[in-house]
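A look at the structure
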Amino acid sequence: MSYPADKGGPGAERSLGQLVASATAEMSALVHDEIALAKAELRQDVKRGAMGGAAMSVAGVFALFSLPVLSFAAAYGIHNLGLGLAWSFLIVGGAYLVLAGLLALLAVAKFKKVKPPERSIASAKQTAAVLGNAKPHPRETAVGPIRPALPVGDEPEVVARSSA
């Protein structure tokens, strides 16, 4: 198939403007395709994460349901060693209390190590100080500056503003 040179076919001589427009359109399409691909990949990852979270939740429920059964089994196992049934249950309950106490001590020790994000706070204060001292530059328009220039030696009028 042959294209006439003036219709923009493959053999046609195109102007610089047409080439730039074509490159811009193709670049835009490429970016849109990349964004669509990223969305599709994220959608798949979210689905996998949701399925993993659901499976972990079900596993946690089963582990929680097995705790009383295992507690009874431990108590009856201790009872079969010759101790009374009440003492067997008391030993299992005491073991759970000791385990809970150890985990509570571990949690308190970890909480004591928590400190505020000092570097982030210092960085935010530094940024706020820099932005507080920054003065905006007047923007130029096609007609001229947006703000009229002050004559040399004139001070701008200070206006008190209320935050209320």
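Residues numbered from 1 in each chain as written. Predicted model: local features only at pLDDT ≥ 70, side-chain atom pairs only at ≥ 80, totals over all residues. Heavy atoms only, no water.

Some thoughts on the overall build of the protein
For the record, the criterion: Segments assigned H or I by DSSP are reported as helices when at least four residues long, segments assigned E as strands when at least two residues long, and all are numbered from the N terminus. Buried means the residue's accessible area, taken with a 1.4 Å probe over protein chains only, is under 20% of the maximum for its type, while exposed means over 50%, and partly exposed covers the values in between. Areas reported here follow the Shrake-Rupley algorithm with a probe of radius 1.4 Å; residue values treat only the protein chains shown as occluding.
If you tally the helices and strands in the protein, you get 3 helices and 0 strands. Within the protein, the proportion of its 164 residues that are buried is 5%. Accessible surface, the protein: about 14800 Å² in total, of which carbon and sulfur atoms supply 68%.

Quick look at the packing of helix α1 (residues 16-80) against helix α2 (residues 85-112)
What counts, and what does not: Only the stretch in contact is used when a helix axis is fitted, and all axes are lines through C-alpha atoms; the angle between N-to-C directions ranges over 0 to 180 degrees. In these notes the angle categories are as follows: under 35 degrees is roughly parallel, over 145 is roughly antiparallel, 65 to 115 is roughly perpendicular, and the rest is oblique. In a left-handed crossing the near helix is turned counterclockwise from the far helix by less than a right angle, and in a right-handed crossing that turn is clockwise. In what follows, residue pairs with any heavy atoms lying within 4.5 Å of each other are defined as contacts.
Contact geometry for α1 and α2: axes closest at 8 Å, N-to-C directions at 130 degrees. As far as their axial angle goes, α2 and α1 are oblique. Handedness of the α1/α2 crossing: right-handed. Here Leu67, Ser71, Phe72, Ala74, Ala75, Tyr76, Ile78 and His79 of α1 lie close against α2, whose contacting residues are Leu85, Ser88, Phe89, Ile91, Val92 and Tyr96.

Focus: the confidence of the model for the protein
Put simply, the rule reads: The pLDDT score gives, residue by residue, the confidence of the prediction method on a 0 to 100 scale.
Here the protein averages 81 in pLDDT, and 74% of its residues register 70 or above. Mean pLDDT across the elements of the protein bottoms out in helix α3 (residues 118-133) (81) and peaks in α2 (94).

Concerning α1
To be explicit about the condition: Working rule for helices: expected span equals 1.5 Å times residues minus one. To obtain the bend at a residue, axes are fitted to the seven residues ending there and to the seven starting there, and the angle between these axes is taken.
Taking 1.5 Å per residue as the helical rise, α1 with its 65 residues ought to reach 96 Å, and the 93 Å between its terminal C-alpha atoms agrees with that figure. The sharpest bend along α1 measures roughly 30 degrees and falls at Leu67, with the proline Pro68 sitting one to four residues further on. Taken as a whole, α1 has its buried residues at Ser22, Ser71 and Ala75. In this structure, the buried residues of α1 make contact with α2. Gly82 occupies a position one or two residues after α1 and carries a positive phi of about 120 degrees.

Concerning the packing of aromatic side chains
The line we're drawing: Ring pairs shown here join Phe, Tyr and Trp side chains whose ring centres sit within 6.5 Å, with only the six-membered ring taken for Trp; geometry is labelled stacked below 30 degrees between planes, edge-to-face above 60, and tilted in between.
Scanning the model with the defined rule gives 2 aromatic pairs in all. Note on Phe72 and Phe89: the rings are 5.3 Å apart at their centroids and 75 degrees apart in plane angle, and the pair reads as edge-to-face. Of this pair, Phe72 sits in helix α1 while Phe89 sits in helix α2, and the two are 17 residues apart along the sequence. Given a relative accessible area of 45%, Phe72 falls into the partly exposed group. Centroid distance Tyr76 to Phe89: 5.7 Å. Interplanar angle 85 degrees. Geometry classified as edge-to-face. Taken as a pair, Tyr76 in helix α1 and Phe89 in helix α2 lie far apart in primary sequence, 13 residues in all. When its relative accessible area of 40% is taken as the criterion, Tyr76 is described as partly exposed. Judged by its relative accessible area of 30%, Phe89 falls in the partly exposed class. A connected cluster of aromatic rings, assembled from ring pairs, spans Phe72, Tyr76 and Phe89.

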